[in-house]
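# Summary of the model geometry
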Amino acid sequence: MASAADPVVEVTDLTKEYGSVTAVDGVSFEIRADEVFALVGPNGAGKTTTVEMLECLRSPTSGSATVMGHAVLEEARTVKEHIGVVPQAFDTFDRLTVRENVALARRMYDDGLAVDDVLDQLDIAEWADTRFGSLSGGLQQRTGIAMALVSDPAVLFLDEPTTGLDPAARRSTWRQIERLANLGTAVVLTTHYMEEVEELADRAALLVEGSIEAVDSVDALVDRYGGDVKLVVSRGGDGYDDEDGDAAEDEDGTGTDDGDAVEATLRAAATEVYRDDTGNLVGLFDDRETAQEAFGRVHRLEGNRSIQLTTAGMEDVFLRLVGAAVDRQGELQ
Amino acid sequence: MRRIRTLVVVLFKNWLRSREAVFFSLAFPIILLVIFSLVFAGGSAHFTIFVQNEDVGADGRPTNLSATFVESLAENDVFTVKRIDPGQNLSQWARESRSSGTKRVVVIPDGFAEQVRNGSAEARKAVIIDTIDRVDADINDSTRASIRQGLGRHGPNATNSTVPAEITFLTPSDDETGPAVRGILESHVATFNERALGVDQPPAAITTGTMNSRNLGAVDYYLPAFIATIVLINGVISVTSEVASFESDGTLKRLVATPLRKRDWILANVIQQSVLALVLAGVMVLVAHLAFGVTVIPGPLSIALVLLGAIAFSALGITLGSFIDDADAATSLGNAIAFPMMFLSGVFWEISLMPEYLQTVAELMPLYHFHRGLRRLMILGTTDGVALPFAILGVGAATFLALAVRVSEWQDLDG
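This report concerns the structure included in the present document. Computed from a predicted model, the values in this text were never measured in an experiment.

Quick look at the overall build of chain A now. Check the secondary structure of chain A and you find eleven helices and 14 strands. Of all 333 residues assigned to chain A, the portion counted as buried reaches 53%. In chain A, once contacts between residues fewer than 6 apart in sequence are set aside, the share between residues at least 24 apart is 67%. Summed over all atoms, the accessible surface of chain A reaches about 13,400 Å², with 43% contributed by carbon and sulfur.

All names here are of chain A. The strand order β6-β7-β8-β3-β9-β10 describes an open sheet built from six strands, whose pairing is mixed. One side of each edge strand has no neighbouring strand; the edge strands of this open sheet are β6 (83-86) and β10 (211-217). Neighbour to neighbour, the strand axes of the sheet diverge by 15 degrees on average, direction disregarded. Bridge analysis of strand β7 (residues 155-159) against strand β8 (residues 186-191) gives five bridges, and the strand direction is parallel. What sits directly across from L156, in β8, is V187. Across the sheet, helix α5 (residues 137-149) is in contact with β6 and β7; its angle to β6 comes to roughly 160 degrees.

Here we come to the layout of surface pockets. All names here are of chain B. Reported here for the second largest pocket is a volume of approximately 630 Å³. For the second largest pocket, the lining is made up of 29 residues, of which S18, A21, S238, S241 and E242 are closest to its centre. For the lining of the second largest pocket, the secondary-structure elements that each account for two or more residues are α1 (2-16), α2 (19-39), α9 (218-249), α11 (262-292) and α13 (327-344).

Residue and element names in this part refer to chain A. Strand order in the open sheet formed by four strands is β12-β13-β11-β14, with antiparallel pairing between adjacent strands. Looking at which strands have only one partner, the edges of the open sheet turn out to be β12 (272-275) and β14 (306-311). Neighbour-to-neighbour, the strand axes of the sheet open up by a mean angle of 20 degrees, direction not taken into account. The pairing of strand β11 (residues 229-234) with strand β13 (residues 281-285) spans five bridges and is classified as antiparallel. Looking across to β13, one finds that L231 is bridged to G283. Helix α10 (residues 288-301) rests against β11, β13 and β14 of the sheet, and its axis sits at about 175 degrees to β14.

All names here are of chain A. Most of strand β9 (residues 203-208) sits out of view: six of its six residues are buried. Residues R203, A205 and L207 point to one face of β9 and A204, L206 and V208 to the other, with burial holding for every one of them. Relative to β9, strand β3 (residues 36-40) runs parallel, the two being bridged by four bridges. Residue pairing in the sheet places L39 in a bridge with A205 of β9. Here β9 pairs with β10 via six bridges, running antiparallel. Directly across from L206, in β10, lies its bridge partner A214.

All names here are of chain B. In this model α13 runs 26 Å from its N-terminal to its C-terminal C-alpha over 18 residues, within 8% of the 26 Å that 1.5 Å per residue would give. Of all the positions in α13, only A327, A330, G334, A338, M341 and M342 are classed as buried. What you see down the axis of α13 is that its buried residues fit within an arc of 100 degrees, all on one side. The backbone nitrogen of D328 has a side-chain oxygen 3.2 Å away, supplied by the residue at the start of α13, namely D326.

What follows deals with the pattern of salt bridges. Taken as a whole and assessed by the stated rule, the structure comprises 19 salt bridges over all chains. Here B:R3 and A:D110 are joined by a salt bridge, their closest N and O atoms 3.5 Å apart. One end of the pair, B:R3, is in helix α1; the other, A:D110, is in the loop between α3 (98-106) and α4 (115-121), on a second chain. Since its relative accessible area comes to 10%, B:R3 is described here as buried. Judged by relative accessible area, A:D110 falls into the partly exposed class, the value being 47%. Through salt bridges with shared partners, a single network forms among A:E81, A:D110, B:R2 and B:R3.

Take helix α6 (residues 167-182) of chain A next. Residues and elements named next belong to chain A. The end-to-end C-alpha distance of α6 is 23 Å, a good match for the 22 Å that 16 residues give at a rise of 1.5 Å each. The secondary structure elements touched by the buried residues of α6 are β3, α4, α5, β7, β8 and α7 (194-200). Immediately beyond the C-terminal end of α6, within one or two residues, lies G184, with a positive phi of roughly 100 degrees.

Before going further, it helps to examine the environment of A:L200. Residues and elements named next belong to chain A. Secondary-structure assignment places L200 in helix α7. The sequence separation of L200 and E35 amounts to 165 residues, and the corresponding C-alpha distance is 9.6 Å. In contact with L200, not counting residues within four places along its chain, are V36, W174, I177, E178 and L189.

Residues and elements named next belong to chain B. Remark: helix α12 (residues 300-323) packs on helix α16 (residues 387-407), axes separated minimally by 8 Å, with the N-to-C direction vectors making an angle of 30 degrees. Considering the angle they form, α12 stands roughly parallel to α16. When the axes of α12 and α16 are compared, the crossing they make is left-handed. Here α12 contributes L301, A304, L305, L308, G309, I311, A312, A315, L316, I318, T319 and S322 to the contact with α16, which in turn contributes P389, F390, L393, G394, G396, A397, F400, L401, L403, A404 and V407. Class assignment of the residues belonging to the contact of α12 with α16 gives a composition of 18 nonpolar, five polar and no charged.

Rules behind the numbers
- Residues numbered from 1 in each chain as written.
- Chains lettered and ligands numbered in written order.
- Predicted model: local features only at pLDDT ≥ 70, side-chain atom pairs only at ≥ 80, totals over all residues.
- Heavy atoms only, no water.
- Helix = DSSP H or I, 4+ residues; strand = E, 2+ residues; numbered from the N terminus.
- Buried < 20%, exposed > 50% of the residue type's maximum accessible area, 1.4 Å probe, protein only.
- Contact = heavy atoms within 4.5 Å.
- Areas by Shrake-Rupley, 256 points an atom, 1.4 Å probe, with all protein chains shown as cover.
- Pairing = 2+ DSSP bridges.
- Axes fitted to C-alpha atoms, helices over the stretch in contact; angles between N-to-C directions.
- 1 Å grid on protein atoms, 1.4 Å probe; cavity = no way out; pocket = protein on both sides within 12 Å on 5 of 7 lines; lining within 4 Å.
- Points joined across faces, edges and corners; volume = space filled by probe spheres on them.
- Expected span 1.5 Å × (residues − 1).
- Arc of directions from axis to C-beta.
- Polar contact = N/O pair within 3.5 Å; in protein donor to acceptor, adjacent residues only side chain to side chain.
- Salt bridge = Lys/Arg side-chain N within 4 Å of Asp/Glu carboxyl O.
- Parallel < 35°, antiparallel > 145°, perpendicular 65-115°, else oblique.
- Left-handed = near helix turned anticlockwise from the far one by under 90°.
- Nonpolar A, V, L, I, M, F, W, Y, C, P; charged D, E, K, R; others polar.

Have a look at this one:
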């Protein structure tokens, strides 16, 4: 049994080329036992290709990767005995029940857990005799995790596990992943949802155009690249709608150019200014004092706007490193 | 083996729980069987023929022999005989006749009776002379010459001694059943000739013992072909669609990520289809037996041929399904392959009814050899001519299995 500090996955200069296109370009990282490791990036960044090489679904063009000390290329079958996989857009036999599908997965392995125990663990025993095709998206995702867990894997790969789920199902899936991490399974999570990374991941690698921009613990990444504090300026629920940089509406009738003034104020004080995916104007500050001064100035300019001082997060890290935010569909803005 | 067994069971459950799959696999062939059986359950075919007897005496009445010939035609259950006056212009009759249906005409020529008599006498003489030559070596040459001379006095006249009576059969150019009617007529004339020679018990005759002794009917004829067809449909349409669907919806990716090997996945599909083929064949035989009283029983070789067909066609289905990710497109491709093969391979009708070039095309199709082999084994109970179907399906199975392994996106990285 690997100790928490031992790497269960080791990746060195891993590259995947499709003709003249380099999908993954010499990435290197380690994943330790007991941690949730996130591969973060927009669509097309190479996240899925990277994990599919680790899952022995695709052969690398060059470089190497091991899982539990076994090479993914030369010892694929042994590697597969140690991993559990929930692929992106997961599906299984629709006309089989939850229990039958999990039992099918169990019988593909030499060793593993009792099917009913896994159903209990993931809180889906109630639907054990329901056909997979009749389940909601969230329950289907949990069935997929159960199928991946039933072999008692050392490493669990979850590729975009909450894409397409409603907020309640997403939170429920997060809770399951947290429970897995607490049970000692290394979880490799690929996602473009930054809040998912903040919620679940111990460490994260930012992947852009096939290359890793940064890899570290989430806290360290935020500390290093996100800044300490961010100031978010929004107009109620509608967000800050002066997206083209022109003058905002003159709502108070004073004729002042409020939007430009607010943005100029932020740019003068913040280390970084950007708009998030809901249109809010965001300023990042290295220290809380500067941020509070800026807060006061913006408040004087725009009393009717919603202004919030908050701690920076992965979205800010991503923006700082990549120069653009990722929208809900995973596309770079 | 545990993994393959598990997958076979899963694939079976998945099939059994799909109403559409069960319907197309099971009900469809039974419906076909019932329809074809009912269509052909009315007994033998029946044709109307018009007879113009030109062999009439001075009193205008038909000669005895020609009248006997026409009566014998009328006694044949296959024919309804209607008469046309002698001397009637047939082209004009064809234009003016109010009779519905196809106008097939048999013309008995003037001099029919005399020609038959002469031909019959000559034939009898030849038999007598041949008999004398063979049976009594002690008859001296002068006695033999006397007998020949005596027989010669009772022979035909010199002008038309051995010219056979030419019965003419006229049929419209668009009469599709003309060749069949002509064949029956030829058989009838042959019997008439035997009778004219006084042969009540023909020295040689074709018996249809295999068919008649087992009371085989139309259902028996169609059953082997429908079994072959359902094996084709399951393999080329259902498996193609299912495999493409598993690939496109991510089911296959989930399996690829387990220690399962590609060859096990392919093998499981082929085994499931083979067992399914046997089950469906059994159900069809049972239904045909209970509902239509068929007597054909598949023997070990028939079962082996069905299995080989199931392997070949399901491997083809896996190949096609692996090649095309989109399930709808894969189904369309399966239909485009299976349906022309069904209609061109002589499943529903004899390929001899098709143009010659299409007959050549039919013989290139594995389904043609599959159902021909099954018919030989199940209907005729013979192994003659089944080596080719076995060889073609065997080569097909090996080729398509190799292709399925090759075209599948599934990669076993460690070989």
